[in-house]
Each structure stands twice: as structure tokens, then as C-alpha cells.
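Fold and contact review
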4 protein chains.
Amino acid sequence: MTQPPVRIGLIGTGRIGQVHAASIAADPGATLAWVADPFIAGAAAIGERTGARVTDSAEELIDSGEVDAVLIASPTPTHVDLIELSVRAGLPVLCEKPIDLDIARVEALRPLVEASGVPVALGFNRRFDPNHAAARARVAAGEIGPLEQLIIISRDPAAPPADYVAVSGGIFRDMTIHDFDMARFFAPDIVSVSATGSQAFDPGARAHGDFDTAVTTLRTGSGAVITIVNSRHSATGYDQRIEAFGPLGMLQVGNVQSSTVTFSGASAVEARPPYPEFFLERYAEAYSAELREFLRLVRGEASTSPSFEDGWAALVLADAAQRSATEGVAVAVDLGSGEHGAAAGS
Amino acid sequence: MTQPPVRIGLIGTGRIGQVHAASIAADPGATLAWVADPFIAGAAAIGERTGARVTDSAEELIDSGEVDAVLIASPTPTHVDLIELSVRAGLPVLCEKPIDLDIARVEALRPLVEASGVPVALGFNRRFDPNHAAARARVAAGEIGPLEQLIIISRDPAAPPADYVAVSGGIFRDMTIHDFDMARFFAPDIVSVSATGSQAFDPGARAHGDFDTAVTTLRTGSGAVITIVNSRHSATGYDQRIEAFGPLGMLQVGNVQSSTVTFSGASAVEARPPYPEFFLERYAEAYSAELREFLRLVRGEASTSPSFEDGWAALVLADAAQRSATEGVAVAVDLGSGEHGAAAGS
Amino acid sequence: MTQPPVRIGLIGTGRIGQVHAASIAADPGATLAWVADPFIAGAAAIGERTGARVTDSAEELIDSGEVDAVLIASPTPTHVDLIELSVRAGLPVLCEKPIDLDIARVEALRPLVEASGVPVALGFNRRFDPNHAAARARVAAGEIGPLEQLIIISRDPAAPPADYVAVSGGIFRDMTIHDFDMARFFAPDIVSVSATGSQAFDPGARAHGDFDTAVTTLRTGSGAVITIVNSRHSATGYDQRIEAFGPLGMLQVGNVQSSTVTFSGASAVEARPPYPEFFLERYAEAYSAELREFLRLVRGEASTSPSFEDGWAALVLADAAQRSATEGVAVAVDLGSGEHGAAAGS
Amino acid sequence: MTQPPVRIGLIGTGRIGQVHAASIAADPGATLAWVADPFIAGAAAIGERTGARVTDSAEELIDSGEVDAVLIASPTPTHVDLIELSVRAGLPVLCEKPIDLDIARVEALRPLVEASGVPVALGFNRRFDPNHAAARARVAAGEIGPLEQLIIISRDPAAPPADYVAVSGGIFRDMTIHDFDMARFFAPDIVSVSATGSQAFDPGARAHGDFDTAVTTLRTGSGAVITIVNSRHSATGYDQRIEAFGPLGMLQVGNVQSSTVTFSGASAVEARPPYPEFFLERYAEAYSAELREFLRLVRGEASTSPSFEDGWAALVLADAAQRSATEGVAVAVDLGSGEHGAAAGS
């Protein structure tokens, strides 16, 4: 590893931007060279801690000539334009999900990305969770035989504010999109989507015509059936479980506990403590691993970073689920080979 | 309990008939008075062990004047006629599920049953499993708040012979029907059914146009979403789990273990032994409890026996699932109040 | 099994006598022929339910000529005399533990028992618990290699009344005696005993110079070390666990749960329900299995019933533990081969 | 935290020294100023990565005037002299356990340490494990009531080389010493020690008169009984569990799993993956937390660092256990108040 560190330009300094800034600071293979945010105080705070140069202009960052790659953690509506600018500048991109809420905009951008040969990676961080990754590797190694059923249980700790719901694009595009990618991580050849949504508890969802509760069933070309169970709240805390089932057995990914201590008393036996807070805590390791893989991609090495195509496919599935839940029909989808990858330009 | 034992006439002496014969023998509130089976050797074997009178004619049993109630454990196609004969004779009935594979025959029988006032109970034994029953009671007691999601995982140990598949009525009417009843046990007001089936592994299912793998999503009038995951095989053994989720938490019913011993070694930690064999072993206690509740029904006492209406409703759901899986549409159902009950005629 | 049922004479109709009466009634290989208790109402109540003849005199029962075997469930101080009477009458005996609190009385009885050839079995019921038995069988099968460590955790739900403590013979002879037998079930060649006792919470124990908390360490001739952890109370309920450790791994016997339902909410995750009440509930299956093995012994068949020698050995260990805890020294014991067995007279 | 970082001088660059070097590099409150090791290549390697100055002389490091505190990770026989040099130079010390294998040398050093007022902390890293710490905090908070029983199961993955055994001071001083400190972490007022050792499997232990298997029972002044179960090997991997028991229930600290994935198949159900490798992996977080507490101590802030007295007490217990196991007697100990603490000089 005698290569110089990859100089990263970070765009966006909200909660997730700060997580990435910390990952970059901790990774010996990267340095945070520039930080951009129209909210300049956010950029300045990170600059002070890390020595990064600071700007309120993403363009200035991209044109600085002092970054080797761009990490986009700004609001969703800005993603498409920033990917375009970065790709045109020849700078590899790691972009937070989703690419956009509008599949038309994503598809309009696609030819440029494909023609450019510039690697564009999507921030599907859960692929890098050591537990999910171990389960998937064991499935791939044939431990349970061909995958027949996959159950993904994914519940957030608490419903987001109504304002957020209003612009979120709906539960399928905002929340389930992670689970769609996880489904494709295990089984890329999805051909059909069927979804059921409900307004079970959240006034915000009801006010904006969104669901707070949803179940989505996916079918693959090879006959596997995938079930995604979502809720916008969970008294137990962030609930992230997977069950992969095949002819030889099943692999289950349980929730991470905040400690290994259990209590047994007069009314409860082996009661465990609550789960870690939310995605920043639960997937802390995953964000670091995601960055490491992106650095490999930037350097032109073999990399498992999710690609622009993965981002597109997840959105196609979200759109199909939205339509299925609304119209009460199963929706066929064509994701192509699902094997485009985010492979380096070389 | 100074009442004389209820004299039971048992029709059918196959595997499940033998289970009922044993339950009756063990229950101080019942005696096995008559046993009928065209396969007279089966009836004779039970008669020898129990002292019951034996016949190859169900009619003779019903007309004997020596039975207080009839337990129907004969093949499905005989159920409707035998219920009719019993009800006309004024004899309360406990009939194995399903009433029939053809909803039209069930609905044709219904007016007679309703008009007669004779209690007809259905053999949905899982309601009487102490674990399922405890979870349902705790949900009913409000421990998790209003039910928002219910996940039922139900996998058989091994696919049935192709011959059986051919006459089974399909996975939804044959296997999922138990899960439909379990769904209604927790949430009776189901209004919509959406199902996805697959031929993932079983040549028998493929040969007869049936599914071996299925996921069914039900929605209730109050907005709860129920997911049923089925497979016709399971390397792990008979897999019967439930997860009930609400705003205050979740109740999970795990599988029964054959022992509490775990092994930890170089490659596996806390590995438990395989599950009990199949439904006869797994639900042994449930069959006894089912009989006890039926005896209460016969005596005109308050009883929680599933009713003829419960049998009808499960079949309606199975038909809807079959149609949904075939046509790719969500199917609306109207189960009425779902509260008919099997309550005694008085 | 065309043999006639074994006619049992039951002496003692307290809590444990009633358990045995029920086991005998449920076992097709046995009938309850006579019941004796100076408290004649207890005997009468059982006689009424079972048809057994009733007496207030154990001698009358033994001399009746109408029993094939005797089950002694009377108070401990009567055991030695009743075993002697039964053995002299040529009647096989199943006697509740302990044989006596005084090792001298036990050793005085021993020559008669050995010379008679009449089988005498001891009621160490835990050997027949399916979980303990499975773990022991797997150890014997070499699954963990040679046993190196055995940990037995054994805690009663609540301290007994002070009156009981006064005549109990002390925690080692009254409570740990079961664990000593369990230790010998896994590793018969114990050579050394070291015990530590404490008066941690129970005024009754303090008043009568007994311990309420104790840890006993046993060493075997082959170098295995066994640890027994006892408490006279347990908020969690009756706590009965075993961990057998060897070079290839470990086998752990967990507590039996009253159901498989777990609750997860805001403050506790996967909390299980409390354990079954106490030994009658926890070891219900074990009592039936114990009887079955005794019936085999009576019939002269191969049997695994614990023997008079097992009863003697457990008491030797209890005496050694009492001395060790009092004097602060490790106490050597000589249990001989430990392989006498309760084998039938033939 | 506007204070300048604490300049640490690290003595010893073996496996554990490298762990400390990494913790120091990662902690914003500390810098690694000097590294000393007679094996100069080890020091040089760390110096290259961190910019620390390098020497083969511990004295040069202590006298450099460029360190604020000393971290001693050199071989045990050097500890006493290096503590003395550091304390005389007024430099706070964090010293790996044990202080020395010879209690006489420890007690000879003690007056100097006490008189100096210079804080000396001992590297009992397990106190800083988040799981152990959480359990202890919950016990201290009264969740189970007064502690009555504590069970510590502590097994290493594999026996050390015979050469190591030869100079280790024996299992109690080398391995159990961590568990003695853990026992005192939960219950400082230990008054009696009783131990049983065995040569069950390891030829190295046998050759050098050491034990490979041991059980130690400690009694506290308040009547709690503590059991420590040790083995020098464990097929399951590094096995570190604690059970704290009191009148209101029990708290159990389970092993850390390397992932949350479980496998269920035909022969095993819910089998988990093996544990993390050994102490460096298992207690990685604990080493960082240990350093943080030491930095607080150096700065004169309130700190929970284990003290010189804690190091002395653990050795007293180890000596007592050795004597008990050899002579077969319970050994009384007087640890004084056990509350000396490592409190800062002020």
C-alpha cells in the first residue's frame, strides 16, 4: 500500500455526510481533501477537524483539480446533476441512495454514465454489514443449496416527521429501496413484484397518501420467492433481520445486540437489552467497509461496490411495488442481467 | 364432572383417526363408543384396544343411538355427506379440515347446519397449541397494542407424494388452510388476499400444476397486514413460527425443540437438536386440547372450538389465494363478521 | 408385552406418593394394587380413584401377597425399615431418596440387600429427564471427548420452611444429594470433595446451622473436575442446568421453558416466560420414565434404575461435602467401583 | 478537551505492546512519544508508523523528559523495577498484569508507590469490556439485589507452549489472575479461597507441575460465594462468561459472537459461528477503554482504573488458590478494605 491516499471531495455535510467524513478520516487509504455544502457552517466544522478545504459550491470542489473522487451525500434532488458533473470531470463517484426519485431522470443519466467508463458506486451500505455479507457469502457457497425463499424484516425505530414523508417519494422508494437492493444482493434475477401497503398507525403517512406498513413479495426467474416486511416504527428498536431458506437448511441473520448481557427474574427470562439505536449505529462498520470498497474501485482494483445499475434496479422495483400496492396487481419487471457492476473503467 | 362421559363415534381410522382414538381413550370425559371405516381392519384394530363397537358403515354408527357425538376423520370428499347425516341425526360433529375442497358444496351445506342448531366444530388443531394460544391471548390482552403485522412461517418437513398432490386441491387448500385459520385466530376481519406461488423444487407439484413454495399476504379491515410463508419441505424439520407485531412490541412463537441440549464445538456454537418430527408429534398436546373443547361444546358449555363458519372462511381465503397466485391480482374477500362461532345450539 | 401388569404396593401418599400413583395408573405395565399410609385418608383418596386396596399399615401391604413390588414414598426415617421388610419378603423396591440421613444405618442395611439378590432401586428421578439423559448419552458416545469439566447449576424456587430445614439433614444431604447423583451419572469415579457453604439470605438456615447457598467441587480419579452450584431460592424459578465440557466441545442442558413465546419491546428483547413451577412439573416426564425402568427391573429385564449403591454413594458425597464446608478441608472419598447397579436378582 | 494530548512512553513492543500502540494512535487524548524495547527492531517498527522516538533503553525513555506517563508492556520480571523507576520520576504508570509473580517483591514495592502519590494503574482490561461492565453496573444498581453467587467461566482457546508454562507462575497466577480481579470487580471483600486443580489433558502442565483445569471458590465477608471455572483449552474458542445471581434474579454475560448469523439444517438448529479468536480480538474495545480511563487518571480526573492494590490483591488470591489446590485446605485471606483505588495523586 505504497500508493498515495485517495483525495476525496465530500458534498453534503448532514448526518450521513458526517459519517462519511469520519470514515474517510479513519481510513489510511483516503484523505478528505475538500468539503462542499451550501450550508457553509457544516462544511467549515468538518474542515476544521480534518484540514479539508471548504466551499459552498459543489462545482468548485469538482473543478478544484485536488480531488481524485467524489462522495455525494447531499439531498436526493441534487444527485443526478452532481453525478453528471463528476462523471464529466472524470471523477469516480460514491453517491448515497437513491439516485433520484424519478426513474425517468435516472434513465436519462444512464447513457452518459455508461459511455464515460467512470465508476459510479451507490451507497447501499447494508451490503457491507459483516452479518448480511457473511450470510450472503454462505448462500453463495451453497450451504443451503439453491435459494428458495428469502425473508427480509426491516423496521425503523420510529416514523419520520410528516414533512419528511411528504417529499420522501413514499415508503417503497425511501425505505424499502434498501431492502430491494438487499434482495438483489442475494438474488439478482427478480421478475415480478407484488406489494400490499397499509396506513396502520402514522398520521403523517395518512396525510400524504403514503403507507407506514408494507409487505412486498418478489419472484425471481429461477422460482425463488422473496418477502420484505416493513414498518415505519418498532418499539423494540431498529429491526433488521434476514432469513435465507433452501433445500439444505436456512441461514438467519439476527439483530445486533447492544450487549451480551441478559436478565432473568420473576417475570422474564433471558431478557436482552434493546438494540443499537438506528442505522448510523447499527451499520457503523458497514459505512467503513463501503468506503474501503469504493477506494478499491477508484484505484481500478476488483471491487464489490454496488453500481449505478444497482441504484437503477432498486428504483425500478420500488416503482413496481408502489404500483402493485396501489392497483392490486402483480407487476412484471425486467432488470436485464443485473450484472452490470460498478467495475472500474479499465 | 359427575356427568357421564360423552360417547363418541369415530369415522375414519387412518393416521389422524388413530390420534383421535388415543385422545378419546385418555380423556376421562369421553368414551369411544363406535368406530367406522370401510377398511374394517382399521376399525377392528381400534375396537380391540378400546372396546368400541366396530362397523364398516358410517351410517350404522350414526344411526346406532349409542353415540352422543361424531368425530369425522375420513377422507375429505366424504366430509360434507357425513356432516349432513350427523346434523340430521342431531349429533354434534367434530370434522377434520377441510370441510370440502369445493366451496360450492360447503355453501350448499351451510343452511342446513345453521338451521339445525347442531354444533359443528372444525379440526383446526393449531389453535389449541399452548404456544400459539398463549401468544394470541397475550395479543388479545393488549400486550403489543393493536395488531399491525403478523408473520406466519409454516413449512412441512418434506413434499408429499405426487399422488397426494394430485388430489390435494393445491397447496393453498391443503396446507395453507391451517395458516389461514391461524391468521383469522389472531385477526378475523380479513378483506383482501394476495398470493405468489412458485414451483421451486418439487417435481410432483410441477406435474400437477401446483406450487411447492408460496407467500400469501392478507390485509384486514383495520389495516393489519398478515404474511404467510409456506414451503412443502424443510431440511430443519417441521417449521412453525409466528411473529405478532404491534406498536408496543412483538410476540414471537418459536419452534418446539425436541430437547434443551445444545452443542458447542469447533465449528458450531449452541447448536440445538432437530425439531420434533411432524404435526402428530408437534401438535400432540393440541389434539387433546381440541377434544376437550369439543366435549364442552357437546355438553352445551362455553367452548372455543372453531366452527363450520371458520372452516368455510379458511376455504374462501384458500380459493382467493389460488386465484391471486394464478392471475396476479389482489382478491377482495367478504368473510362477514367472522364471529359465527361453533357455539352450542342452546 | 403379554405379561400381566406388575402389581405395585405404594407406601406413602404425600405429594410425591401422589405423583407415583398417577404414573402407575397411566402405565399399561403396572397396576396400583395396594396403598398404605398411617394417614388413612390419603390412602383412601388414592384408593377411590384407582381401585387399589387401602391400609394404614405398611406391613399389611407387604405381607398381602398381592403385590409384586413396593414403592416407598414415606418419610425418610422410615425408609431403612421398609426396605428391610420388603427385601425380606422378596419384593423389589423403588425407594425415594435418600435411603437415610445416617450413613451408618445405610451401611448396616447394605449386607442384607446385597445378600438377598432382591433389586432395590433409588428414586433419583433426574437421571430420567430426557434432556439430562440425552446429554449424558452424547457424552458417553464421545461427542465432547473425555469429560474434563461438569458444571451443575441447581437452584430451588424458594427456601423451605424452617421446620423442614431443621430435620432435613442439611442442604448437602437434602438438596445437593440429587446433584451428587447427577455428577455420578456423568462421572462415577469421584475421589475428592471440597465444599463451601454460606448463610446468605435464609433465616431458617441460619437458625438451624444450615447453609442456603453452597458450591461443591468434586474431582474424579481420571482428573475431571465437577462443580455444583446450589441455592435454596431463585427468583427466575427452578433452575436446573448442566454443562459438560471436554476437548471436543461442550454440551449444555438448558432450562425447560413453559412456552416457546418470547416478547420484545422497548425495554426487553426476546424475554421468555418463567420456568415451570418446581420438580413435580419440571420432572413430570422423568417420574414416568423412572417407573418404566423400575418395571423392567422387577421383570428381570435390563434396566438403568439407580441402585442401593447409588443411594449410598450420594450420601457418602453429601457427608463429605458437609465435613468439607465445615472444616475447610478437601475430603477424600472411596466409592469403590461405583458400578454395582440395581441389576435384577437373576 | 482543549488540553494537550498526554505523551505516552511505551515500554515493550510484543503482541500486547502493539495493541497499546494502536490504541494510543487512535485516541485523540494521547500521543505515542517514545517507544522502548531492547529488541530494537520492534520499537523501530512502531516508531516508523507513529513518529514516536525509539530506544532500546527503558531508562532513557523515562528520563527523556518528553513523556507524561509510562505504559509498561514488557515481560513480567521487569515490571517491579520499571514501576519503581517511573514512580521515582513522578510519571504515572499503566502496567500490564501481573505486577510480579512473587508477592514479596510486590509488597516490597508497595510503600514507595503509596508514599509517592504517583498513580499506578494495572492492566486488568476485562473490567473495561462493555458487557462485563454493564453487568457489574446493573448489579451495583441493585437489579438482582445483594450479590449471592457469581460464576465466572474462563477458558482459553488452547494450552500455551510448555516453555511458557514453565515460567508462567502457574495457572492461578498466570490465567486465573484475570478472573480474581473480575471477582473483586463484582465483590471486593473476599475472605476465603478454596481451589481444585487437575492435570486433565496438557502434557506441558503435567511436565511442569502445573494444572490445566481448575475450579476456585471464593467466599466474601458478606456471604456471597464466587466460583471460577478455568480450562487451558476450549474447542469452542475463547470462552468468557459470567453469571451474577441474587434474590431478584440473575444477570448473565454471554460470549461475543463473531456474527449474528445462525444456521439450521438437518442435524443442527440455530448453530452460531465460532467465537472471536482470543483476548486481543475479544477485548479489543476493552483495551481502548482502559487507555481512556488511564488518561483520566493521568490528568487527575476521576477514574476507574484498577490500582496497584488491585494488582496486589489478585496476586494474594492466586497464591492462596495455589496453596489451597496443593494442600487441600481452604485458605483465609485478608485483602483489607479493597478500596485503595488508583486515584490520582491529588
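Residues numbered from 1 in each chain as written. Chains lettered and ligands numbered in written order. Predicted model: local features only at pLDDT ≥ 70, side-chain atom pairs only at ≥ 80, totals over all residues.

Glancing now at the overall build of chain A. Along chain A, the regular secondary structure elements total 12 helices and 14 strands. On C-alpha atoms alone, chain A measures out to a radius of gyration of 20 Å, which is about the 20 Å that the 2.2 N^0.38 rule sets for 346 residues. Along the first, second and third principal axes, the C-alpha set of chain A runs to 60 × 50 × 45 Å. Within chain A, buried positions represent 58% of all 346 residues. Intrachain contacts of chain A at a sequence separation of at least 6 include 71% that bridge at least 24 residues. (Helix = DSSP H or I, 4+ residues; strand = E, 2+ residues; numbered from the N terminus. Rg over C-alpha atoms; globule rule 2.2 N^0.38 Å. Buried ≥ 20, exposed ≤ 12 C-beta atoms within 10 Å, placed from the backbone. Contact = placed C-beta atoms within 7 Å.)

Moving on, we come to the interface of chain C and chain A. With 14 residues of chain C at the contact, the number on the chain A side is 14 residues. Broken down by class, the residue content of the side of chain C that touches chain A amounts to 8 nonpolar, 4 polar and 2 charged. (Nonpolar A, V, L, I, M, F, W, Y, C, P; charged D, E, K, R; others polar.)

Another point: the relation of the copies chain C and chain A. One copy of the chain maps onto the other through a rotation about an axis followed by a shift along the same axis. You can overlay chain C on chain A at an RMSD of 0.0 Å; the transform is a turn of 180° with a shift of 0.0 Å along its axis. Classification of the inter-copy transformation places it as that of a two-fold axis. For chain C, the smallest separation between a C-alpha atom and the rotation axis is recorded for Ala271(C), amounting to 2.0 Å. Residue by residue, 100% of the interface of chain C is reproduced at the interface of chain A, so both copies engage with the same surface. (Least-squares fit on C-alpha atoms with pLDDT ≥ 70 in both.)

This part takes up helix H1 (residues 15-26) of chain D. Residues and elements named next belong to chain D. Given a rise of 1.5 Å per residue, 12 residues ought to cover 16 Å, and the 17 Å separating the end C-alpha atoms of H1 matches this to within 8%. Those residues of H1 not exposed but buried are Gly-17, His-20, Ala-21, Ser-23 and Ile-24. Angularly, the buried residues of H1 cover 165° about the axis, an arc narrow enough to put them on a single face. Residues of H1 that are exposed and point over 90 degrees away from its buried face: Arg-15 and Ala-26. Looking at the buried side of H1, the elements it contacts are strand E1 (6-11), strand E2 (30-36), helix H2 (40-50), strand E4 (69-72) and helix H11 (284-298). (Expected span 1.5 Å × (residues − 1). Arc of directions from axis to C-beta.)

On to the domain arrangement of chain A, then. Residue and element names in this part refer to chain A. Under the domain assignment used here, chain A contains domain 1 (6-118) and domain 2 (127-278 + 305-332). Here the C-alpha centre of domain 2 lies 27 Å away from the C-alpha centre of domain 1. Each partner contributes residues to the interface: domain 1 has 8 residues there, and domain 2 has 10 residues. Among the residues forming the side of domain 1 that touches domain 2, the class breakdown is 6 nonpolar, no polar and 2 charged. (Domains from an automatic or database assignment.)

All right, on to the pairing of strand E9 (residues 213-220) of chain C then. Residue and element names in this part refer to chain C. Of all 8 residues in E9, 8 are buried; the element is thus mostly enclosed. Of the two faces of E9, the one lined by Thr-213, Val-215, Thr-217 and Arg-219 and the one lined by Ala-214, Thr-216, Leu-218 and Thr-220 are each fully buried. Judged from the 8 bridges that link them, strand E8 (residues 190-198) and E9 form a sheet pairing that is antiparallel. Bridging from a neighbouring strand, Gly-197 pairs with Ala-214 of E9. Bridge count between E9 and strand E10 (residues 225-231): 7 bridges; the pairing is antiparallel. (Pairing = 2+ DSSP bridges.)

Residue and element names in this part refer to chain A. Along the chain, Ala-183 falls in helix H8 (residues 171-186). You can call Ala-183 buried: it has 25 C-beta atoms within 10 Å. Once the C-alpha coordinates of Ala-183 and Ile-228 are considered, the two residues, 45 residues apart in sequence, prove to be 8.5 Å apart. Apart from the residues within four sequence positions on either side, Ala-183 is in contact with Leu-150, Ile-152, Ile-190, Leu-218, Ile-226 and Ile-228.

Each partner contributes residues to the interface: chain B has 30 residues there, and chain A has 30 residues. Of all the secondary structure elements, the ones that give two or more residues to the side of chain B that touches chain A are strand E7 (149-155), strand E8 (190-198), strand E9 (213-220), strand E10 (225-231) and strand E12 (249-253) of chain B. Class assignment of the residues belonging to the side of chain B that touches chain A gives a composition of 14 nonpolar, 14 polar and 2 charged.

Here the focus is the sheet that holds E4(D). Residue and element names in this part refer to chain D. The strand order E3-E2-E1-E4-E5-E6 describes an open sheet built from 6 strands, whose pairing is parallel. Each edge of the sheet is formed by a strand with only one pairing partner; in this case those strands are strand E3 (53-55) and strand E6 (120-122). Here the average twist between neighbouring strands, direction ignored, is 25°. Sheet topology places strand E5 (residues 93-95) next to E6; 3 bridges connect them, and they run parallel. Across the sheet, residue Val-93 finds its bridge partner in E6, namely Val-120. (Axes fitted to C-alpha atoms, helices over the stretch in contact; angles between N-to-C directions.)

The strand order across the open sheet built from 8 strands is E13(B)-E12(C)-E11(C)-E7(C)-E10(C)-E9(C)-E8(C)-E14(C), with neighbouring strands paired in mixed fashion. Looking at which strands have only one partner, the edges of the open sheet turn out to be strand E13 (261-265) of chain B together with strand E14 (331-332) of chain C. Pairing analysis gives 7 bridges linking strand E7 (residues 149-155) of chain C to E10(C), with the strands arranged parallel. The residue bridging Gln149(C) from the neighbouring strand is Val225(C), located in E10(C). Each of E13 of chain B together with strand E11 (239-246) and strand E12 (249-253) of chain C is contacted by helix H6 (residues 130-140) of chain C, which is oriented at about 165° to E12(C), the strand it contacts most. Along the sheet face, helix H13 (residues 308-327) of chain C touches E8, E9 and E14 of chain C and points at about 50° away from the line of E8(C).

Residues and elements named next belong to chain C. Following both chains from N to C, one finds helix H5 (residues 103-116) and H13 inclined at 160°, their axes separated by 11 Å at the closest point. Looking at the two axes, H5 sits roughly antiparallel to H13. The two elements H5 and H13 meet at a crossing, and its hand is left-handed. Listed contacts from H13 to Ile-103, Val-106, Arg-110 and Val-113 of H5 are Phe-308, Trp-312, Leu-315, Val-316 and Asp-319. Here the residues of the contact of H5 with H13 are counted per class, giving 7 nonpolar, no polar and 2 charged. (Parallel < 35°, antiparallel > 145°, perpendicular 65-115°, else oblique. Left-handed = near helix turned anticlockwise from the far one by under 90°.)

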